[in-house]
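Fold and geometry: a report
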Amino acid sequence: MSHLSERPENPVVGVSVPHESAVQHVTGSALYTDDLIHRTKDVLHAYPVQATKAHGRITALRTAPALAVPGVVRVLTGADVPGVNDAGMKHDEPLFPDVVMFHGHAVAWVLAETLEAARLGAAAVEVELDERPSLITLRDAIEADSFHGARPMMLAGDVEAGFADSAHVFTGEFQFSDQEHFYLETHAALAHIDEAEQVFVQSSTQHPSETQEIVAHVLGLHSHEVTVQCLRMGGGFGGKEMQPHGFAAIAALGAKLTGRPVRLRLNRTQDLTMSGKRHGFHAQWKIGFDAEGHIQALDAELTADGGWSLDLSEPVVARALCHIDNTYWIPNARVAGRIAKTNKASNTAFRGFGGPQGMLVIEDIMGRCAPLLGLDPTELRERNFYRPGQSTPYGQPVTQPERISAVWEQVKHNGDLADRRREIAAFNAAHPHTKRALAITGVKFGISFNLTAFNQGGALVLIYKDGSVLINHGGTEMGQGLHTKMLQVAATTLGIPLHKVRLAPTRTDKVPNTSATAASSGADLNGAAVKNACHQLRERLLQVAATQLGSSAADVRIVDGVARSLGSDKELAWDDLVRTAYFQRVQLSAAGFYRTEGLHWDAKSFSGSPFKYFAIGAAAAEVEVDGFTGAYRIRRVDIVHDVGDSLSPMIDVGQVEGGFVQGAGWLTLEDLRWDAGDGPGRGRLLTQAASTYKLPSFSEMPAEFNVALMENATEEGAVYGSKAVGEPPLMLAFCVREALRQAAAAFGPSGISVELASPATPEAVYWAIEGARQARRVTREADDREVRAGAVDTTGAKTLSGA
């Protein structure tokens, strides 16, 4: 076993401990970015001036009326920017635009003594537009040939030959919805300038280093003149990977110009209308199967709704292409990707980062094609699982393919699926207006950033004379438990109790050039960096301990805060060891670093091995559907998920549960709507609050929810044998949608293929049920015609044709 994955005696990792901020969360004492205004003197409040049209050139921007509002101090416009007027890494997102690109686009910002004064000031700003045609829907953009960014193409094998060898070929298209992050804490930043004109920004950001970079170039400064700190986030889910930068830059610009701290916090409606979401997709596909139901070829085109600027759309589409295979071997594939440019807020990262969209396409195909092949969907999926020696369409060998089947079989066993299916069949036979169904789906999700350079992490670990330890790392905490795991990693590596270790807030002047806490890589990258720093310190202390214990350093072990020599009763307490090291002038701080090895990726040929490993999981869901309304409930969910050797089991189970529920929300409830009409509100987001945008809640939770982590699942070459857990569980929720499809099909004749919209709202399920019923009516009418066409014998009895 490698040094990185090997666990020492009595490790603190692997122990179920509460989230490090759990008490503060539930008591309300945890501080978030916007809480800091109460500890800051003379704060100004920033408020956006939002456009009320989806597209148009600004012909007039009159700020004088705002300055006449009592309490308004300044109105920020593009003329105030001393550096680069852009908030994006692609330089296609002007911070103060000349052209409005979506309904709600901020064209100026008002600074005032109070939030109410800032709001009134923003309402007083006069904006005139030369309105232009706008593209609101994904279909609008496709028909208008409106695209931007790269158009990747993934090729494997010989697609035409694959189709020629196929006994069955099916075609179809599928459009599915985007998703709002709806983190509890909206975008927020607080900036101030110190006496040396240094800029300090508190930001709710998943990527402090990139926030620092954007703030610096907007202000015309170098990065070392800007420090960004993230205390914690009240949720992020990818929505705070790129999009906090512009808000932080506005606050910093205001602080620079006024000399006073500036607070920017979006209210919920502003956050919903100004920030990007998960990309909605359109898919056009053609698939071929052999006579036994094995996939022979796939030809598909995936179109993502990118919104008005590129943001992270290119890597999102790339990851969608890399995950269209999910758990299935596709020997011949041709999959194209493209990004539609629409007049909506720029869509961005969201948990899974394109992976869910790609995987949803193949799972929809399997669910639709199984009845047409005369196969149970479970059987069709099993027949196409990856086997040893097979590679993905982009050329990466699939390691540990046996885990795909292992978690699958464990779910079938744990959930007693065979007996329950018989019970469901009996229930359905006895209930004409209510149907149940049970579906199982799997997950294979690649872990690492697609951009190889991002796969690096840093840490700074300090040991003080009293034996206490402070760790700094480049990851950010958004509730996912990363800080908890880092505390456990540090305590394990140093061999000390958990209470001896404290963690400092993430900030750019402690650990520079960090990657975003994203791509499920937070624990992998930062954990390995923390371990590296602690290992350096441990090696130094072992030398000191060896001298004190009269033995070789190789024979010294530090366990539970006590250094002991093998074969000896002598021991040295941790605090005494550290104090001794200090007096011997041994360095008690260390910078740690880690970079993921073995990655390579050619974006032009769309080939390589972009992922360190694959996270595996399987889930089964049982649903009950009402035939009159399409309303449904999730009766039971069983999950088995591979997290390697868990760093923190309680945290990981919580991540699996939360990810699954968020995925179920995306697939069944969360239905974003825009005004696509030609009236004055064209382009306006209609679902601007929780009253109109349905989020999963307790009522959507399954009555029985069973989550198990795969056992004996050490991941070689990862920190203490663990695997990432942040994103993969979201895709376990495919089983809910597939169960709804099967329940709708139960209202129709045997073997019917049902198309189901996504999100599968009760309305969508109702129309799927109606489609199944229509198929039953057609079948009955055909049977009646066959009966009427039958011969009549001499006794007058009818004989069916062909009988």
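So, a few notes on the structure that sits alongside this text.

The rules behind the values
- Residues numbered from 1 in each chain as written.
- Predicted model: local features only at pLDDT ≥ 70, side-chain atom pairs only at ≥ 80, totals over all residues.
- Heavy atoms only, no water.
- Helix = DSSP H or I, 4+ residues; strand = E, 2+ residues; numbered from the N terminus.
- Buried < 20%, exposed > 50% of the residue type's maximum accessible area, 1.4 Å probe, protein only.
- Contact = heavy atoms within 4.5 Å.
- Areas by Shrake-Rupley, 256 points an atom, 1.4 Å probe, with all protein chains shown as cover.
- Lys, Arg positive; Asp, Glu negative; His and termini not counted.
- Charge placed at Lys NZ, Arg CZ, Asp CG, Glu CD.
- Expected span 1.5 Å × (residues − 1).
- Salt bridge = Lys/Arg side-chain N within 4 Å of Asp/Glu carboxyl O.
- Pairing = 2+ DSSP bridges.
- Core = buried A, V, L, I, M, F, W, Y, C linked by side-chain atoms within 4.5 Å.
- Axes fitted to C-alpha atoms, helices over the stretch in contact; angles between N-to-C directions.
- Parallel < 35°, antiparallel > 145°, perpendicular 65-115°, else oblique.
- Phe/Tyr/Trp six-rings, centres within 6.5 Å; stacked < 30°, edge-to-face > 60°.
- Lys NZ or Arg CZ within 6 Å of the ring centre and 35° of its normal.
- Patch = residues over 30% accessible without salt bridge, like charges linked within 9 Å, V, L, I, M, F, W, Y side chains within 5 Å.
- Nonpolar A, V, L, I, M, F, W, Y, C, P; charged D, E, K, R; others polar.
- Arc of directions from axis to C-beta.

Next up on the list: the overall build of the protein. In terms of helices and strands, the protein carries 19 helices and 31 strands. For the protein, the C-alpha atoms occupy an extent of roughly 115 × 80 × 50 Å along the three principal directions. Counting over 803 residues, the protein shows a buried share of 60%. Here the analysis covers contacts within the protein between residues at least 6 apart in sequence; of these, 80% occur between residues at least 24 apart. Accessible surface computed for the protein: about 30300 Å², of which carbon and sulfur atoms make up 52%. Once the 74 positive and 93 negative side-chain charges of the protein are each reduced to a mean point, those two points are 2 Å apart.

With 18 residues, helix 10 (residues 355–372) should cover 26 Å at 1.5 Å per step; its first-to-last C-alpha distance of 27 Å lies within 8% of that length. Extensive coverage of helix 10 is indicated by the burial of 16 of its 18 residues. Just past helix 10, the residue G374 takes up positive phi, approximately 75 degrees.

What the rule picks out here adds up to 53 salt bridges. Notably, a salt bridge pairs E301 with R338, separated by 3.4 Å at the nearest N-O pair. With E301 in strand 14 (residues 295–307) and R338 in strand 15 (residues 333–341), this pair connects stretches of sequence that are 37 residues apart. Judged by its relative accessible area of 12%, R338 falls in the buried class. Taken together, the shared-partner salt bridges in this structure form one network comprising R420, R436, E622, E624, R633, R635, R636, D638 and E704.

This brings us to the pairing of strand 21 (residues 556–559). Across four bridges, the pairing between strand 21 and strand 22 (residues 562–565) is antiparallel. Its bridge partner lying in strand 22, V559 is registered against V562. Remark: two residues form the turn of the hairpin made by strand 21 and strand 22, two consecutive strands paired antiparallel; D560 in that turn has positive phi of roughly 55 degrees.

Position of A437 relative to the elements: it lies in strand 16 (residues 434–447). Separated by 13 residues in sequence, A437 and I424 have C-alpha atoms that sit 6.6 Å apart. Non-local contacts of A437, meaning those with residues more than four positions away in its chain, are made with I424, A621, E622, V623, A739, Q742 and A743.

What follows deals with the nonpolar core. Membership of the largest hydrophobic core comes to 108 residues, with the highest contact counts inside it found for I287, F289, L302, V625, F660 and L740. With 10 residues, the single largest contributor to this core is strand 27 (residues 613–626). With sequence-adjacent residues up to four places away left out, F660 is seen in contact with A619, V637, I639, F705, P729, L730, L732, A733, C735 and V736. Core analysis: the second largest hydrophobic core is formed by 51 residues, V461, V489, A516 and V719 among them.

This brings us to the packing of helix 17 (residues 649–668) against helix 18 (residues 734–745). Across the interface, helix 17 lies against helix 18 with an axial gap of 8 Å and an inter-helix angle of 40 degrees. By the angle between their directions, the pair helix 17 and helix 18 is classed as oblique. Across the interface between the two elements, F660, W666, L667 and T668 from helix 17 touch F734, C735, V736, R737 and L740 from helix 18.

Centre-to-centre distance and the angle between the planes together describe a pair of aromatic rings. Tallying each qualifying case throughout the model produces 17 aromatic pairs. Ring centres of F174 and F176 lie 4.9 Å apart, and the angle between their planes is 40 degrees; on these two criteria the pair is classed as tilted. An angle of 75 degrees between the planes, with centres 4.9 Å apart, marks the rings of W601 and F606 as edge-to-face. Here the aromatic cluster, defined as three or more aromatic residues joined through ring pairs, consists of Y394, W601, F606, F611 and F614. Positioned over the ring face of Y183 is K240, at 4.5 Å from the centre of the ring. Directly above the ring of F747 sits K435, whose terminal nitrogen or CZ lies 5.8 Å from the centroid.

The pairing of strands in a sheet happens through backbone hydrogen bonds and is either parallel or antiparallel. Ordered by their spatial adjacency, three strands build an open sheet running 21-22-23, and the pairing between neighbours is antiparallel. Where the open sheet ends on each side, the last strands, each with one partner, are strand 21 and strand 23 (571–573). This sheet shows a mean twist of 20 degrees between the axes of neighbouring strands, independent of strand direction. The sheet strands contacting helix 16 (residues 574–583) are strand 21, strand 22 and strand 23, and the helix crosses strand 23 at an angle near 80 degrees.

With that settled, the discussion passes to a negative patch on the surface. Together, E781, D783, D784 and E786 line one region of the surface with negative charge. Position of D783 among the secondary structure elements: in helix 19 (residues 762–788).

This brings us to the packing of helix 15 (residues 522–549) against helix 16. As a packed pair, helix 15 and helix 16 sit with axes 10 Å apart at the nearest point and diverge in direction by 100 degrees. The angle between helix 15 and helix 16 places the two elements in the roughly perpendicular class. Contacts between helix 15 and helix 16 pair L541, V544, A545 and Q548 from the former with W574, L577, T580 and A581 from the latter. When grouped by side-chain class, the residues that make up the contact of helix 15 with helix 16 number six nonpolar, two polar and no charged.

It is worth spelling out helix 16 at this point. Of the positions making up helix 16, those classed as buried are W574, L577, V578 and A581. An end-on view of helix 16 places all buried positions within 95 degrees of arc, on one side of the element. Of the residues one or two after helix 16, R585 is the one with positive phi, at around 60 degrees.

Function cannot be inferred from these measures alone, as they are strictly geometric.
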